[in-house]
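Spelled out from the first residue to the last, the chains are:
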Amino acid sequence: ETDTTNNDTETARNALQRRPRQSRIAHKKPRKMTEVELDVFEVVDSPLEGSGSGYASGPGSGYASGYGSEYSGGSSDSGTEFVPRALKKDKGLSPSLEEVEGARSGRRKRATSGLRIHTSRALLPSIYSPKSQSMLSASCLAALAILGGALAVLFCGFFAYVVDHSPSSYCPSQPAEEGLRVVGPGGRVRETVEQMDASSRVGQTRVVSVKEIMREDDPLSLNETAVRDLMSLGGVGAFYGSPFSSPLSSPVWSFSSWRSFLLRLHSLSLSLSSPSSPAIPFLFGLDSFHGMGYVREATVFPHSIGVGATFNRSCGEEVGRVTGWEAKRAGVQWVTVAGGGVCSSPSWSRLYQSLGQDPLLVSSLLSSIVHGLHGPYDPSSSPAPSDLKDTKDTNINININPKNLKDLADPSSASTSKSPSKGSRGTEPEEGETGPGKKSGMWRAEREEIGAKGGERIESGVGAMVAHYVGESSPSSSLDLSPSLLSPSLLSLIHLPPFVSALLAGTPSLSLSTSSVNSLPVHASPSLLDDLLRSALNFSGPAVAGESAMKRMVEEQRVAANEQKAVEKGLSAGVDAGGRGEDRRWGERVMGEVDSGRESVERVGERAGRMLTLKERVGILPPSPSYPSEESSPALTYSQTIDLLASLQDPDPDLLAAHRLQALHVARQSLVLLRNSLLPSSLPSLPLRLPLSDPSDPSDPSDPSDPSDPSDPSDPSDP
């Protein structure tokens, strides 16, 4: 043992500066010891010559040289060591030889752990005890685990966002290829939009529920103050719905009552029109899923599921033709005739709104209904009940090949039974043609025809709106509007074909579903609206928001903090019009987006142009200076539209009776008889007995009250 002196300290300093560096950290440069560091260490003559490294004794202590130390240095012939003062047994004493040897062996063991221990550990030896080091290691592992979990959550969220917003996730065709024509509004529509100011453009995107303009004390009386308020905000694009809570409420308005109400509303709207914008009539729409049920004495047909059970295109066409003709007599120009959902889940709570569970069947019947609604109808040529077709349409084959949709758009086609392996023109599919998302495009041929249909005049003067685009018919539970989980193949092969078929038949508008598809509301999905509906399918009509859709996005689907944010998301995704139900402040929200700069006036003009295109197709868009009314393109002024409405007469009672017979024929065609022979032998037989003809007809041989009928279920001896 050797006592240190100030002279020894100076010698150690000089020796440290002269020694070549032997540290394993090659990128660090050697530096001089500070006064504080020299004060920490004692200079000791090493009893083991040739060691060339310093060490410190004592449990939990650090070391100043050797493996990884920045003070490693000392040649093999040097015997100088540096020992922390704080580790001496007694103040003023240096460590013994045994302590030096123990420290050296302990130092080598600790060096294998790869942890670098700084000289400051000598000042706080208790913190760097073995127990503290193990706790520190455990804390580091826990922190790494938390960080890894957070990164995993962020990655999953980003992946879900990319999937939800990627056009290839839903879009069965990429956006418009080079050489494909994108259909825009006609010349009259463009010129009319250019003459409108920002508030009038926003007004054309407003679809108002009729209940919003009725008096609170008298729900069947018009509230003129509410109408004036709406007109002062830029007008209204359309009114929709009925003041009645249901068709069963009493009294339901007759044909003449509906016309009187609409005449008063149109006259008030014309008188309050803004002088800075052209006076444009509003559309009036009603739900007519199975006939004009909100009009007294109108014909009510079986619901959509019943029409689907007929497997008969002629029945679907008759439903559309009668509904359109009676809607025109009530002053209605816009009706929701059927749903395009394919009932792929029996738990769907709106199963009655579907035409069936096969996409080809739904596509065929939906296109026939749209054709009947839009086509001309001569009451004198209405078929008699004896002339109605009494057999199922065997041409509707169960075949989900979407390439057959173009033929389905024409109900007069003889057969749709093509091989699934054939293309849309009966040839072998080209490379890349099969499967969604291919660059060649599954809907290339359909896209061109849909674009051409977007400008055709509707002969009946009543436009169809098909509900509800898209995917709500495959819910995750039986609750109404439950979210759906659909792969791109299911969407393009099962749920999308009926809507494509309806667009091929000339459907001018679509009502959007208020449910969610793959955790994203349809109203907030650019993939389903802008990418698929606009770019891939070339649809030029309005996509109308569902009832209370914006409020549902805030309160139930929770994708927006408030209704303003919900409207922002909807506009960004591709929603054109809204305001039904509890979204009564749609127009104010859209105007707020325009004022804030998030929505341009030109973009609002595009949305207004789609509503005006619908009005032009049904014949209520007034002529413009450059596009006056012509024989090839007739157009009525607002006053002429009101005069035409006033000239309408109630339908003839005999004609309404003929319509009811047609509805009876559809109901009989929809009957599905279960045969007892098809039941397993272990189950008891069901005594099924349905009268297939009018029980009141005395000539009916199958009178159920006939006591001589051996199958009378009241007979106890009858098995």
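Residues numbered from 1 in each chain as written. Predicted model: local features only at pLDDT ≥ 70, side-chain atom pairs only at ≥ 80, totals over all residues. Heavy atoms only, no water.

## Quick word on the overall build of the protein chain
Helix and strand counts for the protein chain stand at 23 helices and 11 strands. Taking all 719 residues of the protein chain together, 50% fall into the buried category. At a minimum sequence separation of 6, the contacts of the protein chain that also span at least 24 residues come to 77%. Roughly 33,800 Å² of accessible area belongs to the protein chain as shown, and the carbon and sulfur atoms make up 55% of that amount. (Helix = DSSP H or I, 4+ residues; strand = E, 2+ residues; numbered from the N terminus. Buried < 20%, exposed > 50% of the residue type's maximum accessible area, 1.4 Å probe, protein only. Contact = heavy atoms within 4.5 Å. Areas by Shrake-Rupley, 256 points an atom, 1.4 Å probe, with all protein chains shown as cover.)

## Digging into the nonpolar core
Ile 213, Phe 239, Trp 258, Phe 261, Phe 284 and Tyr 469 are the most contacted members of the largest nonpolar core, which has 103 residues in total. Counting residues per element, this core draws most heavily on helix α12 (residues 359-374), which supplies 7 residues. Contact partners of Phe 284, with chain neighbours within four places excluded, come to Val 210, Phe 239, Gly 241, Trp 258, Phe 261, Leu 262, Val 332, Gln 333 and Trp 334. Counting 13 residues, the second largest nonpolar core, distinct from the first, contains Ala 238, Tyr 240, Val 544 and Leu 614. (Core = buried A, V, L, I, M, F, W, Y, C linked by side-chain atoms within 4.5 Å.)

## Structural notes on the packing of aromatic side chains
Summed over all chains, the structure comprises 10 aromatic pairs. By way of ring pairs, the aromatic residues Phe 244, Trp 253, Trp 258, Phe 261 and Phe 284 are connected into one cluster. (Phe/Tyr/Trp six-rings, centres within 6.5 Å; stacked < 30°, edge-to-face > 60°.)

## A few points about the packing of α12 against helix α16 (residues 497-504)
Contact geometry of α12 with α16 gives a least axis separation of 8 Å together with a crossing angle of 25 degrees. Considering the angle they form, α12 stands roughly parallel to α16. Here α12 runs over α16; the crossing is right-handed. Residue-level contacts link Pro 359, Val 362, Ser 363, Leu 366 and Ser 367 of α12 to Pro 497, Pro 498, Ser 501 and Ala 502 of α16. Class assignment of the residues belonging to the contact of α12 with α16 gives a composition of 6 nonpolar, 3 polar and no charged. (Axes fitted to C-alpha atoms, helices over the stretch in contact; angles between N-to-C directions. Parallel < 35°, antiparallel > 145°, perpendicular 65-115°, else oblique. Left-handed = near helix turned anticlockwise from the far one by under 90°. Nonpolar A, V, L, I, M, F, W, Y, C, P; charged D, E, K, R; others polar.)

## A few points about the pattern of salt bridges
Per the counting criterion, the structure on display carries 24 salt bridges. One salt bridge in this structure joins Arg 350 and Asp 480, with 3.0 Å as the shortest N-O distance. Taken together, the residues Arg 350 in the loop between β6 (334-339) and α12 and Asp 480 in the loop between β7 (463-469) and α15 (488-495) connect sequence positions 130 residues apart. By relative accessible area, which is 40% here, Asp 480 ends up partly exposed. The residue Arg 607 makes a salt bridge to Glu 599 at a minimum N-O spacing of 3.0 Å. (Salt bridge = Lys/Arg side-chain N within 4 Å of Asp/Glu carboxyl O.)

## As for the sheet that holds strand β5 (residues 283-287)
Spatially, the 7 strands line up as an open sheet ordered β3-β4-β5-β6-β7-β8-β11, and their pairing is parallel. Each edge of the open sheet carries a strand with a single partner, namely β3 (207-209) and β11 (543-544). In the sheet, β5 pairs with β6 via 3 bridges, with the strands oriented parallel. In the sheet register, Leu 286 faces β6, and the bridge partner there is Val 335. (Pairing = 2+ DSSP bridges.)

## Overview of the pairing of β7
With 7 of 7 residues buried, β7 lies mostly within the body of the structure. Sheet topology places β6 next to β7; 4 bridges connect them, and they run parallel. When the sheet's bridge partners are listed, Thr 336 is paired in β7 with Met 465. As defined by bridge partners, β7 adjoins strand β8 (residues 509-512) across 3 bridges and the pair is classed as parallel. Within β8, the position partnered with Met 465 by the bridge is Ser 509.

## Details of the environment of Leu 220
For Leu 220, the location among the structural elements is in the loop between β3 and α8 (224-232). Separated by 22 residues in the primary sequence, Leu 220 and Ser 242 place their C-alpha atoms 9.7 Å from one another. In contact with Leu 220, other than residues within four places in its own chain, are Met 214, Pro 243, Phe 244, Pro 251 and Trp 253.

## Some remarks on a nonpolar patch on the surface
On the surface, a cluster of nonpolar side chains totalling about 550 Å² of accessible area is made up of Leu 141, Leu 144, Leu 147, Leu 151 and Leu 154. If you trace the backbone, Leu 147 turns up in helix α4 (residues 130-165). Residue classification places Leu 147 among the partly exposed residues on the basis of a relative accessible area of 49%. (Patch = residues over 30% accessible without salt bridge, like charges linked within 9 Å, V, L, I, M, F, W, Y side chains within 5 Å.)

## What about unusual backbone geometry?
Along the chain, Ala 467 connects to His 468 via a cis peptide bond; the corresponding omega equals -20 degrees. Among the structural elements, His 468 can be located in strand β7. With an omega of -5 degrees, the peptide bond running from Tyr 469 to Val 470 counts as cis. Here Val 470 is to be found in the loop between β7 and α15. One non-glycine residue, Ser 548, adopts positive backbone phi at about 60 degrees. Of note, Ser 548 is situated in the loop between β11 and α18 (549-555). Judged by relative accessible area, Ser 548 falls into the buried class, the value being 16%.

## Considering the environment of Ala 608
When you line up the elements, Ala 608 lands in helix α21 (residues 601-618). For the pair Ala 608 and Thr 205, spaced 403 residues apart in the sequence, the C-alpha separation amounts to 5.7 Å. With residues up to four places along the chain from it excluded, the contact list for Ala 608 reads Arg 201, Gln 204 and Thr 205.

## Thoughts on the pairing of β5
Of all 5 residues in β5, 4 are buried, a share of seventy percent or more. With 3 bridges connecting them, strand β4 (residues 238-240) and β5 associate as parallel partners. By the bridge assignment for β5, Phe 239 is matched with Phe 284.

## With respect to the packing of helix α19 (residues 563-573) against helix α20 (residues 586-596)
At a minimum axis distance of 9 Å, the contact between α19 and α20 shows a crossing angle of 75 degrees. Taken as axis vectors, α19 and α20 run roughly perpendicular relative to one another. Mapping the contact onto sequence places Glu 563, Gln 564, Val 567, Glu 568 and Leu 571 in α19 and Trp 586, Arg 589, Val 590, Gly 592 and Glu 593 in α20. Here the contact of α19 with α20 is composed, by residue class, of 4 nonpolar, 2 polar and 4 charged.

## Considering the confidence of the model for the protein chain
The pLDDT averaged across the protein chain works out to 75; a share of 61% of its residues lies at or above 70. Counting contacts from residues 22-27, a segment whose pLDDT is below 50, to residues more than four positions away or on other chains yields 8 contacts. Across residues 85-93 the pLDDT falls below 50, and counting only partners more than four positions away or on other chains, this stretch makes 14 contacts in the model. (pLDDT = per-residue confidence, 0-100.)

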